[in-house]
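A structural walkthrough
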Amino acid sequence: MAKRPYYITTAIAYASGKPHIGNTYEIVLADSIARYKRFIGYDVRFQTGTDEHGQKIETKAFESLNTPKEFVDEKAKEIKRIWDLMNTSYDKFIRTTDEDHEKQIQKIFKKLYDQGDIYKGSYEGLYCTPCESFWTKSQLVDGCCPDCGRPVIEASEEAYFFKMSKYAPKLIKYIDEHPEFIQPEARKNEMVNTFLKPGLQDLCVSRTSFKWGIPVDFDEKHVVYVWIDALSNYITGLGYDVDGNNDPMFDKYWPADLHLIGKDILRFHTIYWPIMLMALGLPLPKQVFGHPWLIQSDGKMSKSRGNVLYADDMVDMFGVDAVRYFLLHEMPFENDGVVSWELLIERVNSDLANVLGNLVNRTISMSNKYFGGIVTNTGVTDDQFDDDLKRVVKDTRLRVNICMDKLRVSDAITEIWNIFKRSNKYIDETEPWVLAKDETKKDRLNTVLYNLIESITVGASLLEPFMPETSAKILAQLNVPKRSVTELGQFGLYPSGNKVTEKPEILFARIDTEAMLAEIEKRFPTKSVEEVEKEKEEKLEKERKKEAARKELNRKEPASIDAVQKALLTIDEFDKMQLQIGEVLSCEEVPKSKKLLCSQVQVSGRVLQIVSGIKNYYSPEDMVGKKVVVITNLEPAKLAGVESEGMLLCAEDQDGNLALLTAERDVPAGSMIS
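Quick caveat, the model's predicted, so the values are computed rather than measured.

**Looking at the overall build of the protein chain**
Counting secondary structure elements, the protein chain contains 22 helices and 27 strands. Dimensions of the protein chain, computed from C-alpha atoms along their principal axes, come out at roughly 120 × 60 × 40 Å. Taken across its 674 residues, the protein chain has 51% of its residues classed as buried. Of the contacts formed within the protein chain by residues at least 6 apart in sequence, a portion of 75% connects residues at least 24 apart. Roughly 32100 Å² of accessible area belongs to the protein chain as shown, and the carbon and sulfur atoms make up 49% of that amount. In the protein chain, which carries 89 positive and 106 negative side-chain charges, the distance between the mean positions of the two groups comes to 2 Å.

Written out as structure tokens, the structure is:
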């Protein structure tokens, strides 16, 4: 009998930086669901990957002196390394720079345009670069982006738009008829009442203000915007083809059974994405689950404070499965969870070392001490204690399945832990060390230890989707394979006469909290909120003084300058010099130089590295964003060992003070000066 297919995806990670522990939670959560579905007999397809286009990435690439492709290659490699470190069992890692994906995105865009769902227009609005979202003034929160809280900028450009409103009534009807489509329930109400019913605006789906994207093949000054590009990965990764030549995998696995995403991008996945699918004539995913966030216990994660938690750092300190357990156990179904080093240590000590590790260690140790490791079921039972233990163990499979069907992963783990807690209680109730002192109780002792080994076997088998390495280690020490799902509802399948390992491995050692926190602070030092605020204020004060000095200089009566007249040029000689407007993308001081700054200046479709002797008049921060006058056809030269590919033009007064020549109005980078 063929297995039933099950397709699960995560949101694709934005390839702009290293994923923090909150990002990592999603891939671990998805992995636990995928592993569990495989365990109970599904043919699972698990897809994740990276979102690699956009203005933010283009800018970051220029700042790092890399091409955008070089930049995302590095970031995608790092994201994949973290996912692999966490032992996630994805089947496909898609990148939006994959050639087959890009080809299909162009075809999707063209199809939607040809059928009238996409049209050309222009956009004027407020734009958030990090979120790559346009907003109206009324949608802002305290003048900032309602999604991320960062400042927005005014933007105006030609763009293509998707007719969202055309499909809104159909989507509302679909959501009403499929109550399981958006989960948890509270998220569904938010999407319908806040976004759909008030009326959808048409969606901007192309950009011209940057180039790092998939070109619109029939209008190449436009690139396809993130929504069509990134969201379509869920079908292109299965081999969807607009022309109908789908890979058999697409026909097998689509529609997706579950899109697992963060609650912050629920709108894109439950409104934009379903409408795109409707326009393409494709069925909608069966369920979109917007999981909550992991919140730092001492405030928002901040790079300036140095308190951002990363999975690889946590794994270095505690191991993969300890971190997996912590992430999955601490996150409630609907509410945000809390993450901190202190909480992780507490969980390792209380749940992993005390409850699980101690149970496995002392059960195997007693089996070796009293019976040479041979586990025998002699059938000498005590209904007072044995029946309740067996009931808990046999019922757990069904309880876990109910939880997992509802995506209540934390609750599923709690059910498994009930086996281990009940087993520890059983040891206290039966007191094997007392039974061992009475030769007439030998058969009863055999049964007690058998019942414990059997209970641990069932618990370890159920644990595999959540803590795969730990599950394998326990079963190896018990010298048995993982139970099948049909066997887990039974008690007494451990082979009587089997032998456990002679030397049990310590699964999780207790941690000295104070010593561990001291080591963490040494390896990952953090700054207090007060220290960060003080540094910010000092930086602002420095900028205020610079600005005041500049204004004071401007107020002075300009002196008459007697310039030395150079030889006259013909118009042809002047025309040899190429003058253009350039935008400074990034700037830094030249090492070991008192006068030089090195700027990365965008001019048309290229970026020039230009070294200038202006350090005494401009800080690197001052330079970023300036539209400056550049000579762009000079032979490259080296200044202080750094190559310079052009020249910034400045004016100089009688005291030698410099002022950059800039454009009077905001003209595009690359504009010619003639």
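**Considering a nonpolar patch on the surface**
A surface patch of nonpolar side chains, amounting to about 290 Å² of accessible area, comprises L569, F574 and M577. Structurally, the position occupied by L569 is in the loop between α20 (529-555) and α21 (571-575).

**Some thoughts on the environment of Q602**
Turning to its location among the elements, Q602 is positioned in strand β19 (residues 597-603). Separated by 440 residues in sequence, Q602 and F162 have C-alpha atoms that sit 31 Å apart. Every residue in contact with Q602, bar those within four places of it in the chain, is listed here: F62, I581, G582, E583, L585, V607 and A669.

**Notes on the layout of surface pockets**
Quantified by volume, the second largest pocket comes out at close to 1100 Å³. Along its surface, the second largest pocket is lined by 32 residues, and Q55, S209, E583, Q602 and K627 are the ones closest to its centre. Elements with a contribution of two residues or more to the lining of the second largest pocket: α2 (55-63), β7 (153-162) and β18 (579-589). Looking at the lining of the second largest pocket, its residues break down into 13 nonpolar, 10 polar and 9 charged.

**As for the nonpolar core**
By size, the foremost hydrophobic cluster in this structure holds 106 residues, and its most contacted members are I8, I33, F318, W417, F420, F466 and L478. Element by element, the count of residues in this core is highest for helix α13 (residues 341-371), at 13 residues. With sequence-adjacent residues up to four places away left out, F318 is seen in contact with W341, L344, I345, V348, I511, M516 and I520.

**Some remarks on the packing of helix α12 (residues 320-330) against α13**
Packed helix pairs are specified by the crossing angle of their axes together with the interaxial distance, meaning the distance between the axes. For the pair α12 and α13, the least separation of the axes is 10 Å and the interaxial angle reads 100 degrees. Overall, the two elements α12 and α13 adopt an arrangement that is roughly perpendicular. Contacts from A322, Y325, F326, H329 and E330 in α12 reach L343, L344, R347, V348, D351 and L352 in α13. For the contact of α12 with α13, the per-class residue count stands at 7 nonpolar, 1 polar and 3 charged.

**Considering the pairing of strand β21 (residues 627-631)**
Within β21, 5 of the 5 residues are buried, which leaves it mostly tucked inside the rest of the structure. Of the two faces of β21, both are covered, the one formed by K627, V629 and I631 as well as the one formed by V628 and V630. Across 5 bridges, the pairing between β18 and β21 is antiparallel. Across the sheet, L579 pairs through a bridge with I631, a residue of β21. Pairing between β21 and strand β24 (residues 647-648): 2 bridges, direction antiparallel. Counted as the bridge partner of V630 is L648 from β24.

About the criteria used
Residues numbered from 1 in each chain as written. Predicted model: local features only at pLDDT ≥ 70, side-chain atom pairs only at ≥ 80, totals over all residues. Heavy atoms only, no water. Helix = DSSP H or I, 4+ residues; strand = E, 2+ residues; numbered from the N terminus. Buried < 20%, exposed > 50% of the residue type's maximum accessible area, 1.4 Å probe, protein only. Contact = heavy atoms within 4.5 Å. Areas by Shrake-Rupley, 256 points an atom, 1.4 Å probe, with all protein chains shown as cover. Lys, Arg positive; Asp, Glu negative; His and termini not counted. Charge placed at Lys NZ, Arg CZ, Asp CG, Glu CD. Patch = residues over 30% accessible without salt bridge, like charges linked within 9 Å, V, L, I, M, F, W, Y side chains within 5 Å. Salt bridge = Lys/Arg side-chain N within 4 Å of Asp/Glu carboxyl O. 1 Å grid on protein atoms, 1.4 Å probe; cavity = no way out; pocket = protein on both sides within 12 Å on 5 of 7 lines; lining within 4 Å. Points joined across faces, edges and corners; volume = space filled by probe spheres on them. Nonpolar A, V, L, I, M, F, W, Y, C, P; charged D, E, K, R; others polar. Core = buried A, V, L, I, M, F, W, Y, C linked by side-chain atoms within 4.5 Å. Axes fitted to C-alpha atoms, helices over the stretch in contact; angles between N-to-C directions. Parallel < 35°, antiparallel > 145°, perpendicular 65-115°, else oblique. Pairing = 2+ DSSP bridges.

Function-wise, these values are silent; they only describe arrangement.
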